[in-house]
Amino acid sequence: MSFKRIIGHEQIIAMLQKGVEGNSLPNAYIFSGPEGVGKMLTALALAMTIQCLDPARDGCGSCPSCLKIASGNHPDLMIIDKGEEKIKIEDIRECRAWLSYKPYGEKRIVIVNQAETITTQAGNAFLKTLEEPPENTLIIMVTTNLHSLLPTIISRCRIVRFNRLSYSDVENIAIKEYNLGEKEAAAIASLSNGSINPNAFAVGGGKLAMERELSLNLLKESLSGNLEYILTATAPLVSDRGKLSVCLDFISNIIRDIALIVSGESDKIVSNRDIIDSLSEMSDRVSLKWAVAAFDMVKEAKQALNRNANSRLLLEELLIGIRYAAKRG
Ligand SMILES: [Zn+2]
């Protein structure tokens, strides 16, 4: 994974690239930001760029060094990732011992994933390394929760803040990295909240686009009072709570978009941009008051679903409620 393949975070990438080219990287970074936006990927891309043997040093992805990083076997790279477990003092001792050897190539690089799981004792031990890092060392701590790190650690590192991805970034990732079709990518991006959940991406397979279309039609036909359509279309949802849950997410997401359109907000922040014509059509028929009421009703339906309420009843109540709220204006 070289910088070239990372989608989004353009400013961060440019800044890191400049640091590599000008040999001006600090000894330690903290990559902080929400889950699933590419912090770890960027850390690996930085390691690859630093160690790349290609004269252009751009993380070519094909030299022996890049290949070793990609497979997690580079002698100058240590990744501390304990998953569910905490990072303990033994892990830090091992890391400190490893760092005391000279690098084979440019630098010894340590990437600490989920750095927020470091225990206080281990954190204090690590602080010594951060205070007096051996020459040619780069430490990258990756975290979703910056403020759970010791303040003394934070003060020794350069902090890089990762924001959520834009909808079009998520769409691009879905298409390029997960090989999803355009419609499916748009549907998944609209529910993504700007981050990548690999599990959701893997399930995709054309179903999400269909579920979004069903959700859109349910909302549209509820507004028109087309009971016949609603009865037929909701049948598969009543028997499949997982699908119903996804559709409720889509409905709430579509209502949010309609509220944005009604309020005259820019199209850019609408999450279902590829179906904006249908949304605009619906927004002509409702008010902001309706959107607020409908949004709450979907939230209640979702809570009822989580409490194991009868899915047919909660869905009927929701769709009828949405219709009456529109009639009230
Ligand atoms: Zn390379």
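Residues numbered from 1 in each chain as written. Predicted model: local features only at pLDDT ≥ 70, side-chain atom pairs only at ≥ 80, totals over all residues.

*Asks:* A description of the overall build of the protein should follow, citing residues and the corresponding values.
*Replies:* Within the protein, the regular secondary structure consists of 15 helices and five strands. Seen through its principal axes, the protein has C-alpha atoms that stretch 75 × 40 × 35 Å. Counting all 329 residues of the protein, 37% fall into the buried class. Long-range pairs, those at least 24 residues apart, make up 71% of the contacts in the protein with a sequence separation of at least 6. (Helix = DSSP H or I, 4+ residues; strand = E, 2+ residues; numbered from the N terminus. Buried ≥ 20, exposed ≤ 12 C-beta atoms within 10 Å, placed from the backbone. Contact = placed C-beta atoms within 7 Å.)

*Asks:* Can you explain the packing of helix α8 (residues 182-192) against helix α10 (residues 207-224)? Please cite residues and give values.
*Replies:* One can describe the packing of α8 onto α10 by two numbers: an axis separation of 7 Å at closest approach and a directional angle of 70°. The pairing of α8 with α10 is recorded here as roughly perpendicular in orientation. At the point where α8 passes α10, the crossing takes the left-handed sense. Taken together, the residues of α10 that come into contact with α8 (itself represented by K183, E184, A187, I188 and S190) are L208, A209 and R212. (Axes fitted to C-alpha atoms, helices over the stretch in contact; angles between N-to-C directions. Parallel < 35°, antiparallel > 145°, perpendicular 65-115°, else oblique. Left-handed = near helix turned anticlockwise from the far one by under 90°.)

*Asks:* Tell me what's going on with the nonpolar core, and back it up with residues and numbers.
*Replies:* Grouped together as the largest cluster of nonpolar side chains are 39 residues, with contacts concentrated most on A47 and I140. Per-element accounting of this core gives the leading share, seven residues, to helix α2 (residues 39-51). Here I140 is in contact with Y29, F31, A43, L46 and I111, once residues within four sequence places are set aside. Membership of the second largest hydrophobic core comes to 33 residues, among which are L279, V286, A291 and V298. (Core = buried A, V, L, I, M, F, W, Y, C linked by C-beta atoms within 7 Å.)

*Asks:* Give me the pairing of strand β4 (residues 137-143): which residues, what numbers.
*Replies:* Within a regular beta strand, the side chains point alternately toward one face of the sheet and then the other, so they alternate between its two faces. Judged by how many residues are buried, β4 sits mostly within the fold: six of seven residues are covered. Where strand β1 (residues 28-32) meets β4, five bridges bridge the pair, whose relative direction is parallel. Bridge assignment links I30 to a residue of β4, and that residue is M141. Sheet analysis places strand β3 (residues 108-112) next to β4, joined by five bridges and oriented parallel. Looking at the pairing, I109 lines up with L138 of β4. (Pairing = 2+ DSSP bridges.)

*Asks:* Please set out the pairing of β3 residue by residue, giving values where relevant.
*Replies:* Here β3 lies mainly inside the structure; five of its five residues are buried. Residues R108, V110 and V112 of β3 are buried on one face, and the alternating residues I109 and I111, pointing to the opposite face, are buried as well. Note: strand β2 (residues 77-80) against β3, four bridges, orientation parallel. Residue pairing in the sheet places I79 in a bridge with I111 of β3. On the question of chirality, the crossover connecting β2 to the parallel β3 by way of helix α4 (residues 89-99) is right-handed. (Right-handed = clockwise from strand over helix to strand, strands pointing away.)

*Asks:* Can you break down the environment of H74 residue by residue, with the values?
*Replies:* Looking at where H74 falls in the secondary structure, it is placed in the loop between α3 (64-70) and β2. Exposure remark for H74: the 21 C-beta atoms within 10 Å place this residue in the buried category. Sequence spacing of H74 and M48 is 26 residues, and the spatial spacing of their C-alpha atoms is 9.7 Å. With near-sequence residues (within four places) excluded, H74 lies in contact with Q51, S65, K68 and I69.

*Asks:* Quick one: what's the story with unusual backbone geometry, residue by residue and with numbers?
*Replies:* The backbone of H9 sits at a positive phi, close to 55°, despite the residue not being glycine. Although it is not a glycine, N193 sits at a positive phi angle of roughly 55°. Looking at the secondary structure, you find N193 in the loop between α8 and α9 (198-203). Its 15 C-beta neighbours within 10 Å are what place N193 among the partly exposed residues.

*Asks:* Tell me about the environment of S263, and please be specific about residues and values.
*Replies:* Inspection of the secondary structure puts S263 in the loop between α12 (241-262) and α13 (276-283). Through-space distance from the C-alpha of S263 to that of L288 is 7.1 Å; in sequence the pair is 25 residues apart.

*Asks:* Provide a residue-level description of helix α15 (residues 311-328), including the pertinent values.
*Replies:* A turn of α-helix holds 3.6 residues, and therefore any two residues three or four places apart point the same way. Its 18 residues place the ends of α15 26 Å apart at the C-alpha level, agreeing with the 26 Å of an ideal helix rising 1.5 Å per residue. By the burial criterion, the buried members of α15 are S311, L314, L315, L318, L319, I322, A325 and A326. Mapping the buried residues of α15 onto a view down its axis gives an arc of 125°, with all of them on the same face. Away from its buried face by more than 90 degrees, α15 exposes L313, Y324, K327 and R328. On the buried face of α15, the contacting elements are α10, α11 (227-238), α12 and α14 (288-306). Downstream of α15 by a residue or two, G329 has a phi angle that is positive, lying close to 85°. (Expected span 1.5 Å × (residues − 1). Arc of directions from axis to C-beta.)

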